[in-house]
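Topology and contacts: notes
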Amino acid sequence: MGKKKKPFLGMPAPLGYVPGLGRGATGFTTRSDIGPARDANDPVDDRHAPPGKRTVGDQMKKNEEDEEDLNDTNYDEFNGYAGSLFSSGPYEKDDEEADAIYAALDKRMDERRKERRELREKDEIEKYRMERPKIQQQFSDLKRKLAEVSEEDWLSIPEVGDARNKRQRNPRHEKLTPMPDSFFSKHLQSGDKNTTVDPLQGLGGLNTPYPGSMTPGTGELDMRKIGQARNTLMDMRLSQVSDSVSGQTVVDPKGYLTDLNSMIPTHGGDISDIKKARLLLKSVRETNPHHPPAWIASARLEEVTGKLQVARNLIMKGTEMCPKSEDVWLEAARLQPGDTAKAVVAQAVRHLPGSVRIYIRAAELETDVRAKKRVLRKALENVSKSVRLWKTAVELEEPEDARIMLSRAVECCPTSVELWLALARLETYENARRVLNKARENIPTDRHIWITAAKLEEANGNTQMVEKIIDRAITSLGANGVEINREQWIQDAEECDKAGSVATCQAVIRAVIGIGIEEEDCKHTWMEDSESCVSHGALECARAIYAHALQVFPSKKSVWLRAAYFEKNHGTRESLEALLQRAVAHCPKAEVLWLMGAKSKWMANDVPAARSILALAFQANPNSEEIWLAAVKLESENNEYERARRLLSKARSSAPTARVFMKSVKLEWVLGNIEAAHELCSEALKHYEDFPKLWMMRGQIEEQSENMDKARDAYNQGLKKCPHSMSLWVLLSRLEERVGQLTRARAILEKARLKNPQTPEIWLESVRLEFRAGLKNISHTLMAKALQECPNSGILWAEAVFLEARPQRKTKSVDALKKCEHDPHVLLAVAKLFWSERKITKAREWFLRTVKIEPDLGDAWALFYKFELQHGTEEQQEEVRKRCENTEPRHGELWCAESKHVLNWQKKIGEILTQVAAKIKNTF
């Protein structure tokens, strides 16, 4: 039978219930209820405790000190209590939230200043590094020079050894015992004096412990006071960087560098140097108080050290001591703020009523134009002879008032050319003539008045007077003893050209171009003058110089050519053709002048006129190869093939040359008459078997017809006759490579290198052959050998740059530029390198440099055009295209492959440029 369960089991105990209390059991007591069992003087368990913690009482006292001391003596009216008032209270959730909010605010405020602070710190560090470079940076140039040290020099460097003596290598430990203060005080009181120095002391020098005049026997020395002063100084330094209550540092670590920089004087000098300079200047001022530079230098010294008020006080004292010094007053006005500066200037005017610089400074201090005018008019009342004041005053006036003021100005300053010319510009034509005539009377030795008069006549349509005025100017100036400086007159002519006074410019050039030049130097000097004028943009001056030179040297072909090229580049087609007509009349034997005239007519689509010019050229130069070929080109370009054939036939009979035969073969080849081309080529080779281009054409014709054996025979026969033709070797090698005979192609190039040592073209083809075959290691080896044999070859260095892996290309390009600084192929390779790295601006600069150094390199123009197509604007693309068409490049591997192809024989330069650029792939 089960027991009945008690009803209170499992229920909570009633309030105030103590277990066991009903049966007489009482609660037990722990050590925490009755306190420590040890006395306060009992030692602690830690036997090695530091002083102050060795007894229980010490530790209890320490714990009491750690509690907050909220006494009034621990309260500061600015900083409050030293510690936190609530540090002993419970740290609840709302405290944590508040701390998180404050921390977020601090972080946010710090982020707002972070960017500016980081930029400032970065600038400070960079500036610091520039002023104080690292040891590594200082010796970087010497480390680079180690590359030039040869192996013998390196081995001859002596081994590093210890050159010190035994005593220095094994120094004994010196025992130094400080002397007590009583020792010094005892000897001070006794008044002992030593008249000799211990010889052992002489080895290290004699250091007296007494500063200044405090030597033994002359006064008392209290060592205790010295110690107190030292402690006081240390306390002052510590108090500058510590909180007065809690002892914690108040130095801002983020702004510390900025604070340090603000403490450094801005002029960068040493503090001791400033003190020395201050004392020196003070001595100068006291010795000679009426010496203005001493006061100015003193004020500027204080200004640069940041003591602006001291500088102002000094300079004002200087104005009292040197009231007649213009410089001191101007310095005082500069250092003082706005209104005070005006008062200083007013005081200066009272002391120096005739100083122009002070009046100018007074006008500059005024902000209102009317006030400026008032100041300047007051100045002109006192100093009416100052040109500078008149010019400053006139600049502020309206044209009508300026004209009235200038009329008065030239009366007061009749020797000022600038005022006379300014007045002439503001007057009407008739009045301007009178003004200039009066100016010539007052200043008969100035050339500008005469030139202005000539420009005035030209501007009013009296061009016939210009020449007379300039001639009279030369005569009058010479009569007045003025030396005619040719360079100055030419500069004046250039200024007239830029101002649009063409007739005056030409008249000046004609008048002075022959002055002071020996007859044998005339041509050379005039050509240099014309080039100088072109470089300065004075085209009319250059044209006038060429016209005068052609009058003096009408039969000089070189002068006519220079003038023709000038008109071609800077003139019109009509002016060029007119010049060329005169040129061929004076130099009928100059073929190039006839050809330029015919080409100009042909480019203007005037084919009959071009034919007539060439017909006249034939009469003047019968049997001229250049004129025959020009006539053939004119007819073939205009689809007159039969005329071209007849001309070539006549040329072969009357003037048979290798080029005439070559052009005959080329004409038949491009027109598709292969048989006729074969026959002409065979006939030509009978007469000119040592002309390599004929052998090349024969081989290429056979290659085009897929007759590889005949092409090989043609190349081999050509190499027997012309073993030094690089193009023949390369064509034969590529033929073998094309038919799969790689070993034979390699052997051909090796043979070519043996017969033609130090030939970059053959080495380049050898490297490319291995690279195309996939043998990159062999191509690298060959390139190294090639650069050893031809160290100054630009085409090899350009290829070597792009043989390297991308990380090494930059280093290779630097080496290439050291060896071939002005080689166009190397410059082009560098431009391509920047292009591959997407450095667009630098790439464009290097492309421009390349086409400037070698404008005849078609590959550079094609790559430049391709670059602009990808990264440039339409204007930049069109500019490159136009410049290429004007230059008419003829050379370049990629360019010649397209321009000399039989299918492209009638294409213009622009079309070939587009075609070459389209075939360029960005594989670099």
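Keep in mind that what you see is a predicted model, and the values were worked out from it rather than measured.

1. Some words on the overall build of the chain
Helix and strand counts for the chain stand at 50 helices and two strands. Every one of the 924 residues in the chain was classed for burial, and the buried ones make up 34%. Accessible surface, the chain: about 59,600 Å² in total, of which carbon and sulfur atoms supply 52%.

2. Quick word on the environment of Met 405
Tracing the backbone shows Met 405 in helix α20 (residues 399-412). If we ignore the near neighbours within four places in the chain, the residues touching Met 405 are Leu 380, Trp 390, Ala 393, Val 394 and Glu 397.

3. Some points on the confidence of the model for the chain
Any region with low pLDDT has predicted coordinates that should not be read closely. Scored by pLDDT, the chain has a mean of 79; 82% of the residues are at 70 or more. Ranking the elements of the chain by mean pLDDT puts helix α9 (residues 199-204) last with 43 and helix α46 (residues 840-853) first with 94. Predicted confidence for residues 195-219 stays below pLDDT 50, and this span has ten contacts to residues more than four positions away or in other chains. In this model, residues 243-251 is a region of pLDDT below 50 whose contacts with residues beyond four sequence positions or in other chains number 16 contacts.

4. Focus: the packing of helix α18 (residues 369-382) against helix α19 (residues 387-395)
Where α18 meets α19, the closest approach of the two axes is 10 Å, and the angle between their N-to-C directions is 150°. Taken together, α18 and α19 sit at an angle that is classed as roughly antiparallel. The two elements α18 and α19 cross, and the hand of that crossing is left-handed. Each of Leu 376, Ala 379 and Leu 380 in α18 lies in contact with α19, whose residues at this interface are Leu 389, Trp 390, Thr 392 and Ala 393. The residue inventory of the contact of α18 with α19, partitioned by class, reads six nonpolar, one polar and no charged.

5. Comments concerning a positive patch on the surface
Taken together, the side chains of Lys 633, Lys 663, Lys 693, Lys 900 and Lys 908 make up a positively charged region of the molecular surface. With respect to the helices, strands and loops of the structure, Lys 900 is situated in the loop between α49 (893-899) and α50 (909-919). Exposure remark for Lys 900: the relative accessible area of 52% places this residue in the exposed category.

6. Let's talk about helix α36 (residues 674-687)
Here α36 is 14 residues long and its end C-alpha atoms lie 20 Å apart, about the 20 Å a rise of 1.5 Å per residue gives. Ala 677, His 678, Leu 680, Cys 681, Ala 684 and Leu 685 are the residues of α36 that are buried. Each element contacted by the buried residues of α36 is listed here: α34 (641-654), α35 (658-670) and α37 (692-704).

7. Structural notes on the packing of aromatic side chains
Applying the stated criterion across every chain, the model contains nine aromatic pairs. Where Tyr 546 meets Phe 566, the ring centres are 5.4 Å apart and the plane angle is 45°; that geometry is what we call tilted. Residue Tyr 546 is found in helix α28 (residues 539-552), and its partner Phe 566 is found in helix α29 (residues 557-570); the two are separated by 20 residues along the sequence. Consider the rings of Trp 835 and Phe 847, whose centres lie 6.1 Å apart with planes at 70°: the pair is edge-to-face. Of this pair, Trp 835 sits in helix α45 (residues 824-836) while Phe 847 sits in helix α46, and the two are twelve residues apart along the sequence. Accessibility expressed as a relative area gives 0% for Trp 835, which makes it buried. Here a set of aromatic residues connected by ring pairs shows up, and it is made of Trp 835, Phe 847, Phe 864 and Phe 867. Against the face of Trp 295 rests Arg 285, its NZ or CZ located 5.5 Å from the ring centre.

8. Observations concerning the environment of Glu 331
Examined against the element boundaries, Glu 331 turns out to sit in helix α15 (residues 326-335). We classify Glu 331 as buried; its relative accessible area is 3%. Taking the C-alpha atoms as reference points, Glu 331 and Ala 341, ten residues apart in sequence, are found 9.9 Å from one another.

9. Points about α18
Taking 1.5 Å of rise per residue, 14 residues should cover 20 Å, and α18 covers 20 Å from first to last C-alpha, within 8% of that figure. Within the sequence span of α18, burial applies to Ala 371, Lys 372, Val 375, Leu 376, Ala 379 and Leu 380. Tucked into the core, α18 has its buried residues touching α17 (356-365), α19 and α20.

10. Points about the side chain of Arg 486
As for its placement among the helices and strands, Arg 486 is situated in helix α25 (residues 486-499). Look past the residues within four positions of Arg 486 in its chain and what remains in contact with it is Val 512, Ile 513, Ile 515, Ile 517, Thr 525, Trp 526 and Asp 529.

11. Considerations on the nonpolar core
With 127 residues, the main nonpolar core has Leu 389, Trp 390, Trp 489, Ile 509, Trp 526 and Leu 593 as its most contacted residues. Apart from residues lying up to four places away in sequence, Leu 593 is in contact with Trp 560, Leu 561, Leu 580, Ala 583, Val 584 and Cys 587. Counting 36 residues, the second largest nonpolar core, distinct from the first, contains Ala 658, Ile 701, Cys 722 and Ile 748.

12. What about the packing of helix α31 (residues 591-603) against helix α33 (residues 625-637)?
Interhelical geometry of α31 versus α33 gives an angle of 10° and a closest axis separation of 10 Å. Here α31 is positioned roughly parallel relative to α33, judged by the angle of their axes. Taken together, the residues of α33 that come into contact with α31 (itself represented by Glu 591, Leu 595 and Trp 602) are Glu 626, Ile 627, Ala 630, Lys 633, Leu 634 and Glu 637. Taken together, the residues of the contact of α31 with α33 sort by class into five nonpolar, no polar and four charged.

13. Quick word on a negative patch on the surface
Where like charges cluster on the molecular surface, the negative patch consists of Glu 92, Asp 94, Asp 95, Glu 96, Glu 97 and Asp 99. Classification of Asp 95 as partly exposed rests on a relative accessible area of 31%.

14. Some remarks on unusual backbone geometry
A positive phi angle is found at Gln 758, which is not glycine, with a value near 55°. Along the polypeptide, Gln 758 turns up in the loop between α40 (742-755) and α41 (760-772). Despite not being glycine, Glu 888 has its phi angle at roughly 55°, a positive value. By secondary structure assignment, the location of Glu 888 is in the loop between α48 (874-887) and α49.

15. Comments concerning the pattern of salt bridges
Side chains bearing opposite charge may pair, as long as their charged atoms lie close to each other. Summed over all chains, the structure comprises 43 salt bridges. Of the charged contacts, one joins Glu 574 and Arg 573 as a salt bridge, the two residues approaching to 3.8 Å between their closest N and O atoms. What emerges from the salt-bridge pattern is a single network uniting Arg 734, Glu 737, Glu 765, Arg 768, Arg 772, Glu 799 and Glu 893.

16. Notes on the environment of Leu 419
Inspection of the secondary structure puts Leu 419 in helix α21 (residues 417-426). Exposure remark for Leu 419: the relative accessible area of 2% places this residue in the buried category. In this structure the C-alpha to C-alpha distance between Leu 419 and Val 394, which are 25 residues apart in sequence, comes to 9.7 Å.

Rules and cut-offs
- Residues numbered from 1 in each chain as written.
- Predicted model: local features only at pLDDT ≥ 70, side-chain atom pairs only at ≥ 80, totals over all residues.
- Heavy atoms only, no water.
- Helix = DSSP H or I, 4+ residues; strand = E, 2+ residues; numbered from the N terminus.
- Buried < 20%, exposed > 50% of the residue type's maximum accessible area, 1.4 Å probe, protein only.
- Areas by Shrake-Rupley, 256 points an atom, 1.4 Å probe, with all protein chains shown as cover.
- Contact = heavy atoms within 4.5 Å.
- pLDDT = per-residue confidence, 0-100.
- Axes fitted to C-alpha atoms, helices over the stretch in contact; angles between N-to-C directions.
- Parallel < 35°, antiparallel > 145°, perpendicular 65-115°, else oblique.
- Left-handed = near helix turned anticlockwise from the far one by under 90°.
- Nonpolar A, V, L, I, M, F, W, Y, C, P; charged D, E, K, R; others polar.
- Patch = residues over 30% accessible without salt bridge, like charges linked within 9 Å, V, L, I, M, F, W, Y side chains within 5 Å.
- Salt bridge = Lys/Arg side-chain N within 4 Å of Asp/Glu carboxyl O.
- Lys, Arg positive; Asp, Glu negative; His and termini not counted.
- Charge placed at Lys NZ, Arg CZ, Asp CG, Glu CD.
- Expected span 1.5 Å × (residues − 1).
- Phe/Tyr/Trp six-rings, centres within 6.5 Å; stacked < 30°, edge-to-face > 60°.
- Lys NZ or Arg CZ within 6 Å of the ring centre and 35° of its normal.
- Core = buried A, V, L, I, M, F, W, Y, C linked by side-chain atoms within 4.5 Å.

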